[in-house]
Amino acid sequence: MDNSFSGYWSGQAPFSASFALQQLRLWVASSPWFNGHRHDAWFELPAERLEQLQSDYQQQWSALGQRLLSSQPFTFDDRRFASGNWSDPLFGSLAAFYLLNCSFLLQLLDALPIDEDKPRQRLRYLVEQALAASAPSNFLVSNPDALQRLLETQGASLFNGLLQMGNDLREGKLRQCDQGAFEVGVNLAITPGEVVFENPLFQLIQYRPLSETQHQRPLFIVPPAINKYYILDLRPENSLVRHLLEQGHQVFLMSWRNFGQAQSDLTWDDLIQDGVISALRVTRAISGERRLNCLGFCIGGTLLASALAVLAARGDKDIASLSLLATFLDYLDTGQISVFVDEQLVAYRERTIGGQGGATGLFRGEDMGNTFSLLRPNELWWNYHVDKYLKGDKPLPLDLLFWNNDSTDLPGPMYCWYLRHTYLQNDLKSGELDCCGVKLDLRAIEAPAYVLGTHDDHIVPWRSAYASTALLSGPCRFVLGASGHIAGVINPPARQKRHYWLNERITEEPDAWLEAAEQHPGSWWHDWFAWLAGHAGPRRPAVMHTGNAEYPAVEPAPGRYVKQ
């Protein structure tokens with residue numbers, strides 16, 4: 001956006017609808033995102049519609065001006081302006097005019113006759129990013145809370161903020177949790193167990209029992225390859241792994257390594273064959289059980305389902321059950337992340353890190369983490385900018401946020417294959433892709449499936465998670481948890497927080513399923529534990545040792561890979 005527009009973003013001047021359209025037109029014309037689109041017609045709004053928008057806006061602007069002149073206090077529902085300091089007429093008017101301009105611009109965008117979904121989503125995304133960045137709360141001189149803190153601390157808050165900014169710039173990420181707040185293996189990922197197998201891709205952890213008896217069939221877990229496995233084993237009170245052990249399940253879990261340059265040529269097939277299938281084979285060998293219960297979370301679920309489809313094509317369908325948590329199999333709606341993905345981006349990645357022409361490299365986890373944070377800029381980006389840099393506050397020590405900042409890199413060829421065949425082409429579900437020497441057909445998975453979506457998930461929208469029920473051949477149970485991608489999954493029962501929806505009948509349309517679903521208080525874990533027990537076989541005395549003669553213990557959990 002050129003400099004002539006900056007005053008309007010920040011609420012310093014009243015908008016002219018025609019000027020706003022002119023500036024948006026120039027912005028679109030200069031953005032490579034809109035190359036190849038005939039966008040002149042996007043800005044041809046009927047004169048009466050423009051006049052109505054301008055008239056409504058001008059009335060609200062005048063009313064706010066009168067309020068400022070009469071020194072009336074302001075109040076806001078917006079969390080950015082919630083403190084009493086923003087009731088002051090000067091600072092309150094800045095916030096009020098800013099919010100009015102935001103509302104006007106978004107209404108103007110909604111009125112534009114843009115027929116294609118992708119360009120509309122991209123233009124809205126860019127405008128929302130500009131609006132979020134220009135909020136008066138983001139600047140020291142226009143944030144009364146930060147100014148008050150500056151006076152109270154005699155400048156120490158600003159000094160601390162600059163130190164924290166320097167640390168974040170050095171790391172290349174905006175940390176949402178202090179790096180020293182937790183330590184893996186000390187106060188995170190401390191459930192007792194041993195690494196019983198490792199190769200260049202992963203370590204396999206077998207956990208020690210926490211009950212006198214255990215179910216016959218083990219649970220084999222594939223966590224996301226993005227970030228670290230311990231999202232499933234945080235602190236004892238919210239560790240899904242620990243809860244499973246207390247429920248009497250044998251647990252084997254993959255710990256993906258943080259891939260480096262030595263692994264930068266690994267492909268999707270490598271992660272399936274030498275990753276998931278190898279880990280499943282070792283789990284079978286150590287436990288002595290062929291029919292395993294299997295769990296995958298996020299992209300871990302996508303990898304797991306792909307591996308099970310490959311095994312099924314080879315004649316191996318001996319799986320007791322499949323649980324998929326916030327997982328894509330059908331990428332029909334990828335949410336806001338879709339604004340970034342097009343043929344140009346994927347082809348660029350394939351040329352630079354994906355192996356085309358022999359060039360391989362890594363996709364940096366920090367890039368993905370920052371991208372996901374910017375999808376919700378006021379909740380996961382600018383609020384930390386204000387608290388850390390302007391006020392000098394340390395972020396709260398939350399384990400979920402510490403994990404969120406502990407990102408991992410991915411091999412370029414694997415990442416590019418995944419990006420093309422899921423987000424771009426959505427043909428992972430086609431049954432026609434070659435994978436590990438066979439056709440990858442998800443419909444060959446006949447095991448009973450438990451599929452979880454979370455209602456406010458901005459990474460795996462719940463209707464896309466629901467679409468997995470149409471791709472799997474076995475009986476499916478779909479459960480919808482409250483909250484988002486992480487908090488909706490990691491919801492231990494003892495906290496008695498949130499709720500979930502359940503409908504025993506799988507319908508063709510997800511909204512019809514939800515309309516007929518019953519809401520239950522508390523954690524969905526209760527429902528899953530009961531379902532899983534029904535597929536885990538009879539209980540018998542717990543196996544106290546880990547590994548076996550072929551696969552002896554390598555080192556104590558959490559192992560080396562998770563600390564890299």
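Keep in mind it's a predicted model, so treat the numbers as computed, not measured.

Caption draft 1: Region of the structure containing the overall build of the protein chain. From N to C terminus, the protein chain includes 19 helices and 17 strands. Here the C-alpha atoms of the protein chain give a radius of gyration of 26 Å, agreeing with the 24 Å that 2.2 N^0.38 yields for 564 residues. Along the first, second and third principal axes, the C-alpha set of the protein chain runs to 80 × 55 × 50 Å. Expressed as a percentage of its 564 residues, the buried residues of the protein chain come to 58%.

Caption draft 2: Just the pattern of salt bridges, in detail. As enumerated under the stated definition, the model contains 31 salt bridges in all. With a shortest N-O distance of 2.9 Å, E198 and R560 are connected by a salt bridge. Note that E198 is positioned in strand β1 (residues 193-198) and R560 in the segment after β17 (555-556), a separation of 362 residues in sequence. Note on E198: relative accessible area 28%, which makes it partly exposed. Classification of R560 by relative accessible area gives partly exposed; the value is 35%. If you follow the salt bridges from partner to partner, you end up with R284, R290, D316 and D318 in one network.

Caption draft 3: Quick peek at empty space enclosed by the protein. Throughout the structure, instances matching the rule amount to two cavities of 30 Å³ or more. Taken as a whole, the largest cavity spans an internal volume of roughly 90 Å³. Considering the residues around the largest cavity, the lining is formed by K173, L174, Q176, G365, E366, G369, N370, S373, N404, N405 and S407. Those elements giving two or more residues to the lining of the largest cavity turn out to be α12 (365-374) and α15 (399-405). Class assignment of the residues belonging to the lining of the largest cavity gives a composition of one nonpolar, eight polar and two charged. Of the pockets and cavities examined, the second largest cavity occupies roughly 60 Å³. Taken together, Q206, Y207, R208, P209, Q214, Q250, V251, V543, H545 and T546 form the lining of the second largest cavity. Along the lines of polarity and charge, the residues of the lining of the second largest cavity split into four nonpolar, five polar and one charged.

Caption draft 4: Spatial organisation of the side chain of N138. By secondary structure assignment, the location of N138 is in the loop between α5 (117-133) and α6 (144-152). For N138, a relative accessible area of 5% corresponds to the buried category. Here the side chain of N138 touches A132 through a polar contact of 2.8 Å, landing on its backbone oxygen. Excluding anything up to four places from it in sequence, N138 contacts A132, A133, W382, H385, V386 and L390.

Caption draft 5: Quick peek at the environment of T153. Take T153: it is sitting in the loop between α6 and α7 (156-171). Take T153: its relative accessible area is 29%, and that puts it in the partly exposed class. A polar side-chain atom of T153 sits 3.0 Å from the main-chain amide nitrogen of S157.

Caption draft 6: Looking closely at the nonpolar core. Counting residues in hydrophobic clusters, the biggest one holds 126 residues, and the most contacted among them are L204, F220, M254, W256, W268, I272 and V276. For this core, the element with the most residues is helix α4 (residues 89-111), which contributes 13 residues. Among all residues touching F220, those that are not within four sequence positions of it are L204, F252, M254, V276, A279, L280, T283, L292, N293, C294, L295 and L304. By size, the runner-up hydrophobic cluster in this structure holds 51 residues, among which are V184, Y389, L401 and Y500.

Caption draft 7: Structural context of helix α9 (residues 268-287). With 20 residues, α9 should cover 28 Å at 1.5 Å per step; its first-to-last C-alpha distance of 27 Å lies within 8% of that length. A positive backbone phi angle near 75 degrees is found at G288, which sits one or two residues after α9.

Caption draft 8: Region of interest: the packing of α4 against α5. Closest axis-to-axis distance for the α4/α5 pair is 11 Å, and the angle between their directions is 175 degrees. The angle between α4 and α5 falls in the class roughly antiparallel. Contacts from Y98, C102, L105, L106, L109 and D110 in α4 reach R120, L123, R124, V127, E128, L131 and A132 in α5. Split into classes, the residues belonging to the contact of α4 with α5 amount to nine nonpolar, no polar and four charged.

Caption draft 9: Expanded view of the packing of aromatic side chains. Overall, the coordinates contain 36 aromatic pairs when judged by the stated rule. Aromatic side chains F197 and Y551 sit 5.8 Å apart centroid to centroid with 80 degrees between the ring planes, which places their arrangement in the edge-to-face category. Of the two residues, F197 is situated in strand β1 and Y551 in the loop between β16 (539-541) and β17; the sequence distance between them amounts to 354 residues. The exposure class of F197 is buried, given its relative accessible area of 16%. When the ring of W462 is compared with that of W513, the centres are 6.5 Å apart and the planes differ by 50 degrees; the resulting orientation is tilted. Here the residue W462 occupies a position in helix α17 (residues 462-466), and W513 occupies one in helix α18 (residues 510-516), the gap between them amounting to 51 residues. Aromatic rings pair up to connect F74, F76, F81, W86, F91 and Y98 into one cluster. Against the face of F74 rests R67, its NZ or CZ located 5.0 Å from the ring centre.

Caption draft 10: Expanded view of the packing of α7 against helix α14 (residues 382-390). Where α7 meets α14, the axes come as close as 6 Å, and the angle between the chain directions of the two elements is 125 degrees. Here α14 runs oblique to α7, going by the angle between their axes. Within the contact between the two elements, α7 uses S157, L158, G161, Q164, M165 and D168 and α14 uses K388, Y389 and L390. When its residues are assigned to classes, the contact of α7 with α14 shows four nonpolar, three polar and two charged.

Caption draft 11: Highlighting the UniProt feature "domain: Poly-beta-hydroxybutyrate polymerase N-terminal" (unreviewed entry) in the protein chain. The sites that UniProt annotates as "domain: Poly-beta-hydroxybutyrate polymerase N-terminal" (unreviewed entry) are residues 77-243. In residues 77-243, the share of helix is 41% and the share of strand is 11%. The end C-alpha atoms are 38 Å apart.

Caption draft 12: How the structure looks around the pairing of strand β7 (residues 319-325). Across the seven residues that make up β7, a large majority, seven, are buried. Of the strand pairs in this sheet, strand β6 (residues 292-297) and β7 are connected by six bridges, and their pairing is parallel. Bridging from a neighbouring strand, G296 pairs with L324 of β7. In terms of handedness, the path from β6 via helix α10 (residues 299-313) over to β7 forms a crossover that is right-handed.

Rules behind the numbers
- Residues numbered from 1 in each chain as written.
- Predicted model: local features only at pLDDT ≥ 70, side-chain atom pairs only at ≥ 80, totals over all residues.
- Heavy atoms only, no water.
- Helix = DSSP H or I, 4+ residues; strand = E, 2+ residues; numbered from the N terminus.
- Rg over C-alpha atoms; globule rule 2.2 N^0.38 Å.
- Buried < 20%, exposed > 50% of the residue type's maximum accessible area, 1.4 Å probe, protein only.
- Salt bridge = Lys/Arg side-chain N within 4 Å of Asp/Glu carboxyl O.
- 1 Å grid on protein atoms, 1.4 Å probe; cavity = no way out; pocket = protein on both sides within 12 Å on 5 of 7 lines; lining within 4 Å.
- Points joined across faces, edges and corners; volume = space filled by probe spheres on them.
- Nonpolar A, V, L, I, M, F, W, Y, C, P; charged D, E, K, R; others polar.
- Polar contact = N/O pair within 3.5 Å; in protein donor to acceptor, adjacent residues only side chain to side chain.
- Contact = heavy atoms within 4.5 Å.
- Core = buried A, V, L, I, M, F, W, Y, C linked by side-chain atoms within 4.5 Å.
- Expected span 1.5 Å × (residues − 1).
- Axes fitted to C-alpha atoms, helices over the stretch in contact; angles between N-to-C directions.
- Parallel < 35°, antiparallel > 145°, perpendicular 65-115°, else oblique.
- Phe/Tyr/Trp six-rings, centres within 6.5 Å; stacked < 30°, edge-to-face > 60°.
- Lys NZ or Arg CZ within 6 Å of the ring centre and 35° of its normal.
- UniProt positions renumbered as here; feature names shortened; annotations may be inferred.
- Pairing = 2+ DSSP bridges.
- Right-handed = clockwise from strand over helix to strand, strands pointing away.

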